[in-house]
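Close look at the chain arrangement
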Amino acid sequence: MVVNKVKIDIQDLNVWFGSKHVIKDINMGIKPNAVTAVMGPSGCGKTTLIRAINRLNELIRGSKTTGEIYIDKKKVYSKDTDIFELRRRVGMVFQKPNPFPISIYENIAFGPKLHNMADGEELEAIVEKSLKGGALWDEVKDRLNDNAFSLSGGQQQRLCIARALAVEPDIILMDEPCSALDPASTAKIEMLIRELAENYTVIIVTHNLQQAARVSDLTAFMYVGKLVEYGSTKRVFEKPESELAEEYITGKFG
Amino acid sequence: MVRLLDEGLEQLTTMVYKSGEVAKSAIKTSLNAFMNSKDAMDEVRALSDVISSLTVEIENKAFELIVKYQPVASDLRIINSYMKIAYDFERYGRYAWDISFTHKKLGALGGCDFATDLMPKLVEKVSEMVAKSVKALREHDAKLAKTLAETEDEVDALYFAYLDQLSKVRKQNNFIICNLLVSRYLERIADHTTYVGEAIVYIATGEKISLR
């Protein structure tokens, strides 16, 4: 699939963990200000693919990556890349909400402080803006000093999204962000994902096909490390081009 | 492994196929009676009622499958198309009954005067289209479905030529009114066969085309 405007350009990407070849020759362009869903059976390389974008795979011993990823035409895998800055620009939200065991306020302020972005009133403004961006402000504005663990699971996940927003990223990677949440919290996160797409490039890994259909503009289907199908979500869910994608989304295998 | 959805899809398919067969039979019965000056109103009415209740059952089953399984890709295309096709079959049945009703009410049972030989040709073409649409559905045959477009053009040409001839008949009588209405019903049936054809093409290929 050819994406006209590209925010992230993945070219000939291969990733190994030891002798295990996990990502195989992936080429794909990720559209800005849109939600791209990545789906596929467990172990197909979805998470590894998105973790290649902010070079998180490097934290795993024995990993090897070849090919290149460009963000706004700049190489991610260059020796000049400032990884600290890269991970600020490419925020990540994980499967299980992982707030820090500190106050709600400090969870959000943590990143901006670390990056020396602001202090005082300016920092307070960032906290408020980020919590609003994470659709959590109204629920926590009177209890910002409470421990983040006092929040419900769904609220914790929105806190993690707000925390990612606080350092002003332009890309947000989400790895199964709703799999540990109840339907009501899931619906809130899904609404939030749609809102985020107005200002951010969002990539979401999900096992929930209906969720991919609901929230994404583009859908990629991966199988044993390869990108098998990539196109507009409407097209992929209505008439997938590949037999494998058809069988997977209709539940005939996987 | 058989998916839970498959059992429901099979039930849905059986109902749609049955509706198609009953619709074909309703049209055959109605047109045979029309061509041979016989009364088939009650018989066709009964068949049309069977199709109507099948349409309701098909709709209910389709909704149930959507709610339960959130189908996608070919599954969704089949369910969506079967709902449309069920409606078209209902129209086949209804027009078949309209033909029998008109034929009886306008007193043409005593012996038909079609004014020209175009009416038998129209009847033959439309019967052919109905049979073809039901066959293409059973086989999900997009190629066969697409051929309905050509026959529809022929039916349109025959219909307009027939209207032209009827308009030239000097003495207006019930026969003329009956023939006018029946030819219109036939033209409508032909249209619905192309809708069925379009739905079959969509199931088989994902393409949304117009066969008119």
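Keep in mind that what you see is a predicted model, and the values were worked out from it rather than measured.

1. Thoughts on the overall build of chain A
Looking only at helices and strands, chain A has 10 helices and 10 strands in total. At 18 Å, chain A has a C-alpha radius of gyration in line with the 18 Å of a compact globule built from 254 residues. Principal-axis analysis of the C-alpha atoms places the extent of chain A at approximately 55 × 45 × 35 Å. Entry remark: accessible area of chain A is about 11700 Å², with carbon and sulfur atoms responsible for 49%. Across chain A, the mean location of the 33 positive side-chain charges is 5 Å away from that of the 34 negative side-chain charges.

2. Brief notes about the sheet that holds strand 10 (residues 226–232) of chain A
Residue and element names in this part refer to chain A. Within the open sheet, the 6 strands sit side by side as 6-7-8-3-9-10. Their pairing is mixed. Only two strands of the sheet have a single partner each, and these edge strands are strand 6 (90–93) and strand 10. Pairwise comparison of adjacent strand axes, ignoring direction, gives a mean angle of 20 degrees for this sheet. Here strand 6 runs beside strand 7 (residues 171–175); their pairing, made up of 4 bridges, is parallel. Along strand 7, the bridge assignment pairs G91 with I172.

3. Some points on the nonpolar core
Counting residues in each nonpolar core, the largest one holds 64 residues, and the members touching the most others are Y82, I85, F89 and L186 of chain B. Mapped by element, the contributors of at least two residues to this core are helix 1 (4–35), helix 2 (41–69), helix 3 (73–105), helix 4 (118–139), helix 5 (142–146), helix 6 (148–167) and helix 7 (174–205) of chain B. With 13 residues, helix 1 of chain B is the single largest residue contributor to this core. Contacts of L186 of chain B, omitting those with residues within four sequence positions, involve L31, I99, M119, L122, V123 and V126 of chain B. In terms of nonpolar packing, the next biggest core, distinct from the first, is built from 31 residues, V3, M28, V76 and V205 of chain A among them.

4. What about helix 2 of chain B?
All names here are of chain B. Spanning 29 residues, helix 2 covers 42 Å between terminal C-alpha atoms, matching the ideal 42 Å at 1.5 Å per step. Where helix 2 is concerned, the buried positions are M41, V44, L47, S48, I51, L54, T55, I58, K61, A62 and L65. Against helix 1 and helix 3 lie the buried residues of helix 2. Where helix 2 terminates, the next one or two residues include Q70, which has phi positive at roughly 40 degrees.

5. Concerning the interface of chain A and chain B
Each side of the interface is counted separately: chain A has 10 residues, and chain B has 12 residues. Of all residues in chain A, the largest losses of buried area upon contact with chain B belong to Q210, E238 and K239 of chain A, amounting jointly to 50% of the total for that side. Connecting chain A to chain B are 1 salt bridge. In this structure, the salt-bridge partner of K208 of chain B is E238 of chain A, at a minimum N-O distance of 3.6 Å.

6. Considerations on the pairing of strand 1 (residues 8–17) of chain A
A regular strand places its side chains on the two faces of the sheet in alternate fashion. All names here are of chain A. Taken together, the 7 bridges between strand 1 and strand 2 (residues 20–30) define a ladder with antiparallel strand orientation. The residue bridging W16 from the neighbouring strand is H21, located in strand 2. Counting the residues in the hairpin turn of strand 1 and strand 2 gives 2 residues, including G18, whose phi is positive at 65 degrees. As paired elements, strand 1 and strand 4 (residues 63–71) share 8 bridges and run antiparallel to each other. Its bridge partner being in strand 4, I8 is matched across the sheet by I71.

7. Section: the confidence of the model for chain B
Here chain B averages 93 in pLDDT, and 95% of its residues register 70 or above. Across the assembled chains, the prediction reports ipTM 0.77 with pTM 0.85.

8. As for unusual backbone geometry
One non-glycine residue, N33 of chain A, lies in positive phi territory at about 50 degrees. Position of N33 of chain A among the secondary structure elements: in the loop between strand 2 and strand 3 (35–39). By relative accessible area, N33 of chain A is classed as partly exposed at 43%. The backbone phi angle of H140 of chain B is positive, close to 45 degrees, even though this residue is not glycine. Its place among the elements puts H140 of chain B in the loop between helix 4 and helix 5.

9. Side note on the sheet that holds strand 4 of chain A
Residue and element names in this part refer to chain A. Reading across the sheet, the 4 strands line up as 2-1-4-5 and stay open at both edges, with antiparallel pairing between neighbours. The open sheet has two edge strands with one neighbour each: strand 2 and strand 5 (74–75). Bridging between strand 4 and strand 5 involves 2 bridges; their strand directions are antiparallel. The residue of strand 5 that forms the bridge with Y70 is K75. Across the sheet, helix 1 (residues 46–53) lies against strand 1, strand 2 and strand 4, angled at about 120 degrees from strand 1, the strand it touches most.

10. What about the side chain of E176 of chain A?
Residue and element names in this part refer to chain A. With respect to the helices, strands and loops of the structure, E176 is situated in the loop between strand 7 and helix 7 (183–196). Although E176 is buried, it forms no salt bridge, and the closest oppositely charged side chain is K46 at an N-O distance of 5.5 Å. Polar contacts involving the side chain of E176 include one to the main-chain amide nitrogen of H207, which spans 2.9 Å. With near-sequence residues (within four places) excluded, E176 lies in contact with F94, Q95, V205, T206 and H207.

Quick notes on the rules
- Residues numbered from 1 in each chain as written.
- Chains lettered and ligands numbered in written order.
- Predicted model: local features only at pLDDT ≥ 70, side-chain atom pairs only at ≥ 80, totals over all residues.
- Heavy atoms only, no water.
- Helix = DSSP H or I, 4+ residues; strand = E, 2+ residues; numbered from the N terminus.
- Rg over C-alpha atoms; globule rule 2.2 N^0.38 Å.
- Areas by Shrake-Rupley, 256 points an atom, 1.4 Å probe, with all protein chains shown as cover.
- Lys, Arg positive; Asp, Glu negative; His and termini not counted.
- Charge placed at Lys NZ, Arg CZ, Asp CG, Glu CD.
- Pairing = 2+ DSSP bridges.
- Axes fitted to C-alpha atoms, helices over the stretch in contact; angles between N-to-C directions.
- Core = buried A, V, L, I, M, F, W, Y, C linked by side-chain atoms within 4.5 Å.
- Buried < 20%, exposed > 50% of the residue type's maximum accessible area, 1.4 Å probe, protein only.
- Contact = heavy atoms within 4.5 Å.
- Expected span 1.5 Å × (residues − 1).
- Buried area = accessible area lost by both parts, 1.4 Å probe.
- Salt bridge = Lys/Arg side-chain N within 4 Å of Asp/Glu carboxyl O.
- pLDDT = per-residue confidence, 0-100.
- Polar contact = N/O pair within 3.5 Å; in protein donor to acceptor, adjacent residues only side chain to side chain.

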